[in-house]
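Examination of the molecular architecture
The lines below spell out each chain.
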Amino acid sequence: MAGTGQTIRTSRPVLSAGIRSFTFHGDAAPALEAVDLQVVPGTLTAVLGPSGSGKSTLGRLLADWLPPEGAGTLEGFLELAGTRLQFRGREDPRINPAEWGRHVGFVPQDPAAVLSTVRSTVAEELAFSLENAAMERPAMKAAVEHSAALLKLTELLDRNPAGLSGGQLRRLAIGCAIISGPEVLIMDEPFASLDSAGAADLALLVEDLVRRGTAVVVLSQVVDAPLLAAETWIVLARGTVTASGPPVELLGQGQLPSGIRSSGSGPAAEPGVHQPAKAPDTVPRAPVLELRGVSFDYRPANRTGRRRRALREATGSDRRGHGVLSGIDLKVRPGEIVAVTGPNAAGKSTLLRHVNGLLRPTAGSVLVHGTDITGAPAGETARSVGLLFQQPRDQLFERTVLREVQFGLDRLFHPGEAAARALAALSAVGLAAAAPRHPAELPASGQRLLALATVLARKPSVLALDEPTVALDGDGLALLDAAVRSAAGEGAAVVLVTHDLDYARATAHRVVTLDGGRLNG
Amino acid sequence: MRLHPLTSLAAAGSTAVVTTAAASWPLSVAVMGAALAVSVRVGTARRLLPAAAVVLLPLGLSLLMVHGLFFPEGRTVLGQWGPARVTMEGLAFAFERAAQLGAVVLALLVFSFSVSVPDLVAALSARGVHGRFAFVLASTLTLLPAIAARVERIRQAQESRGLVIRPGLLHRAAAFRLQAVPLVLSLIEDAGTRTAALESRGFSNPGPRTSYREVPDSGRQRVLRAVLAVSAGAAVAARLWLSRAGG
């Protein structure tokens with residue numbers, strides 16, 4: 001059933017859209033064209049597409065997070081609960097966002113964007129929309145407890161939302177979206193960055209919501225296992241629907257573009273190709289990176305109060321008082337790829353921040369090329385260590401893509417070489433054409449690759465990658481894989497942290513597990 | 001028992017008004033002492049004292065300069081340098097004013113350092129104060145930690161790419177210029193998404209709203225607040241009446 005808008009449903013759709021075109025103000029080409037979809041109560045719909053295919057734009061339009069009258073020109077219609085709004089690009093109807101929000105809940109790709117930032121506990125954050133609707137307190141309490149139980153947030157109700165880990169934050173964002181019982185729930189890449197336990201919990205929740213009659217729409221560039229149970233898949237590519245229908249049909253016909261990858265898979269390549277020609281263990285060489293008995297906790301003595309709080313919020317760590325890392329020993333030789341796996345909030349990101357000196361161990365030492373980096377400014381360690389942050393928004397801060405890659409290069413190379421290296425690094429991740437654009441304009445996968453380019457351009461002898469696969473589509477993953485292998489081939493030591501065990505096994509020479517602050521394996 | 005934020009606000013406000021109206025230095029000094037004692041008791045003294053010093057030292061010094069040296073009604077001259085005369089009366093007046101000011105500032109600081117902002121916001125919105133005002137009030141207090149966390153993130157990103165920041169406040173301050181532009185741009189970008197999120201959660205609803213946070217209140221506290229308000233009014237009235245009768 002290829003084509004658009006041919007799905008025939010017996011049940012009436014609660015939300016439907018017939019988008020002839022949607023063009024952002026200032027853009028010549030439309031971001032979406034000929035997109036039709038109907039969302040039926042009690043069903044799961046997956047909108048699949050590679051990064052930059054227009055999924056997020058579609059999701060935000062459907063949720064009125066991108067008000068058509070303000071952000072661009074919409075031609076077509078949106079229909080919610082039997083009311084059709086026709087848009088022609090002028091004198092268009094205005095949508096009341098609060099009214100729309102009661103029917104359509106939305107969880108954006110970055111869950112932190114949902115938070116009101118003025119509520120001091122998770123419970124109050126959950127209750128925010130109910131307060132605004134003037135719900136009486138007993139009913140509000142019951143609703144908060146119910147949603148918290150659904151999302152396993154009960155233990156966290158009294159915590160400050162600013163200190164939650166990435167996975168917890170996503171659960172809170174979903175809670176905020178479903179607490180007022182919307183008929184439609186739209187989630188943008190909800191499974192990204194969740195560990196397998198978190199993803200399984202979310203899959204159960206989706207199943208439960210669908211059973212209760214909610215229409216759930218998941219936007220994704222990865223065919224996560226729960227999406228196989230969807231009634232309908234809608235495949236987007238370059239802003240238009242290329243195929244739609246039940247998953248079985250689409251999989252059978254091979255209608256998925258190459259940019260969409262299936263869950264947990266590495267890039268398609270022969271197993272033999274995965275191994276670098278020379279296994280690093282055959283030639284014993286001195287380790288480039290060595291961790292000796294590294295322990296760490298967010299102790300008051302380690303930092304002053306306000307700095308420590310800012311740090312904890314900046315790193316998203318939620319562990320207080322007790323040891324995050326205890327007695328970590330790790331040696332990585334030139335050309336070796338080591339993967340560190342472990343559940344969400346196990347301290348994996350904290351471990352990586354020790355490798356480039358952003359965090360100092362409370363005990364033990366970190367050696368790069370045999371020199372203890374403890375006490376050296378992180379900026380000096382950055383000469384030999386490159387760190388890819390978990391969130392591109394933590395790594396990118398410049399006005400253009402090119403400036404972003406060039407930052408700091410002038411300290412290492414003379415101006416001509418710095419520019420050449422920046423362009424070479426951009427070409428290596430397929431972003432040469434995007435050089436003059438603003439990093440925030442890139443799709444999630446592009447932002448991730450840009451962050452990778454900023455690290456690669458420095459040619460570090462230690463590459464530390466924090467969840468490198470998250471937010472990458474299939475093509476991006478292939479680029480990442482090539483980059484990591486070529487860096488290792490040139491003698492860099494690579495430490496990558498991932499919750500994706502399959503990827504770790506496919507890529508690394510050695511897999512170790514971080515759990516309860518200790519390294520095993 | 002936990003004090004309702006409006007009760008502590010009423011206590012601080014009426015103390016400030018009564019002390020100002022009374023203009024008696026023994027009362028001012030007593031109030032200052034009491035404020036400090038309360039602050040030590042609730043454990044805010046370490047944050048309060050520097051803040052109080054920042055406000056009061058320049059004010060106290062300027063009072064001393066103006067009144068201590070140039071007090072026209074001064075009779076008992078302690079020293080003289082050209083047009084400047086240090087008089088007993090001038091010093092007494094400067095001290096009286098400084099004590100009065102000190103009492104007011106300390107009373108208000110004790111309140112602002114000990115009040116729970118979420119409680120205050122909840123109490124205000126329960127009394128029909130518009131949601132936007134409550135939001136702005138809360139934002140002013142949550143914004144600073146949020147900005148600090150953001151600067152820290154940007155700084156870490158820059159350090160990871162070779163920006164060398166040596167330890168110490170001065171180096172940090174010098175490096176801040178590199179973080180300022182990214183900070184402002186990212187805050188603006190954030191504001192756009194945040195607006196969509198807030199609007200879809202009914203933030204602009206014109207109707208009444210409720211509060212999830214419970215702020216315990218009691219009849220006794222309500223009476224106390226009324227008494228505090230009346231006594232502040234009475235002190236002002238008495239002051240006006242006395243000055244009219246005297247003048």
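Worth saying up front: this structure is predicted, and the values here are computed from it rather than measured. (Residues numbered from 1 in each chain as written. Chains lettered and ligands numbered in written order. Predicted model: local features only at pLDDT ≥ 70, side-chain atom pairs only at ≥ 80, totals over all residues. Heavy atoms only, no water.)

Quick look at the overall build of chain A
- Looking only at helices and strands, chain A has 18 helices and 22 strands in total.
- Across the 521 residues that make up chain A, the buried fraction comes to 57%.
- Summarising the internal contacts of chain A: among those between residues at least 6 apart in sequence, 72% fall at separations of at least 24.
- Accessible surface, chain A: about 20,200 Å² in total, of which carbon and sulfur atoms supply 52%. (Helix = DSSP H or I, 4+ residues; strand = E, 2+ residues; numbered from the N terminus. Buried < 20%, exposed > 50% of the residue type's maximum accessible area, 1.4 Å probe, protein only. Contact = heavy atoms within 4.5 Å. Areas by Shrake-Rupley, 256 points an atom, 1.4 Å probe, with all protein chains shown as cover.)

Things to note about the overall build of chain B
- Helix and strand counts for chain B come out as eight helices and two strands.
- In chain B, the order of α-helices and β-strands from amino to carboxyl end is α-α-α-β-β-α-α-α-α-α.
- Each principal axis of the C-alpha atoms in chain B carries an extent, and together these give about 70 × 55 × 30 Å.
- The 247 residues of chain B split such that 38% are buried.
- Total accessible area computed for chain B in this model is approximately 13,700 Å², and 72% of it derives from carbon and sulfur atoms.
- Side-chain charges of chain B comprise 25 positive and 11 negative groups, with the mean position of each set lying 2 Å from the other. (Lys, Arg positive; Asp, Glu negative; His and termini not counted. Charge placed at Lys NZ, Arg CZ, Asp CG, Glu CD.)

Comments concerning the pattern of salt bridges
All names here are of chain A.
- Tallying each qualifying case throughout the model produces 23 salt bridges over all chains.
- Here Arg292 and Glu290 are joined by a salt bridge, their closest N and O atoms 3.1 Å apart.
- Looking at Arg292, the relative accessible area reads 43%, which means it is partly exposed.
- Salt-bridge contacts for Asp481 lead to Arg485; the nearest nitrogen and oxygen are separated by 3.1 Å. (Salt bridge = Lys/Arg side-chain N within 4 Å of Asp/Glu carboxyl O.)

Observations concerning the domain arrangement of chain A
Residue and element names in this part refer to chain A.
- In terms of domain boundaries, chain A breaks down into domain 1 (15–106 + 183–262) and domain 2 (271–384 + 460–520).
- Facing the 10 residues of domain 1 at the interface are 11 residues of domain 2.
- When the two sides are added together, the surface that domain 1 and domain 2 hide from each other amounts to roughly 910 Å², 43% of it contributed by carbon and sulfur.
- Where domain 1 touches domain 2, the interface holds zero salt bridges.
- Counting every contact that joins domain 1 to domain 2 gives two residue pairs in polar contact (both at pLDDT 80 or more).
- When grouped by side-chain class, the residues that make up the side of domain 1 that touches domain 2 number three nonpolar, five polar and two charged. (Domains from an automatic or database assignment. Buried area = accessible area lost by both parts, 1.4 Å probe. Polar contact = N/O pair within 3.5 Å; in protein donor to acceptor, adjacent residues only side chain to side chain. Nonpolar A, V, L, I, M, F, W, Y, C, P; charged D, E, K, R; others polar.)

Details of the side chain of A:Arg119
All names here are of chain A.
- Among the secondary structure elements, Arg119 is positioned in the loop between β6 (104–107) and α4 (122–132).
- Residue classification places Arg119 among the buried residues on the basis of a relative accessible area of 17%.
- Among the polar contacts listed, one links the side chain of Arg119 to the side chain of Glu131, at a separation of 2.8 Å.
- Setting aside anything within four residues of it in sequence, one finds Arg119 in contact with Glu124, Glu125, Phe128, Glu131 and Pro161.

Considerations on the interface of chain B and chain A
- Each partner contributes to the interface: chain B provides 46 residues, whereas chain A provides 61 residues.
- The contact between chain B and chain A buries some 4,800 Å² in all, and 55% of this surface belongs to carbon and sulfur atoms.
- Looking at the side of chain B facing chain A, the largest losses of area belong to B:Arg161, B:Arg201 and B:Tyr212, adding up to 23% of the total buried there.
- On the surface where chain B and chain A come into contact, there are five salt bridges.
- The partner of A:Glu125 in a salt bridge is B:Arg201, and the shortest N-O contact between them spans 3.0 Å.
- Applying the counting criterion to the chain B and chain A interface returns 22 residue pairs in polar contact (both at pLDDT 80 or more).
- Where the side of chain B that touches chain A is concerned, the elements lending two or more residues are α6 (131–160) and α7 (169–200) of chain B.
- The greatest single-element share of the side of chain B that touches chain A, amounting to 16 residues, is contributed by α6(B).
- A breakdown of the residues in the side of chain B that touches chain A according to their chemical character gives 20 nonpolar, 12 polar and 14 charged.

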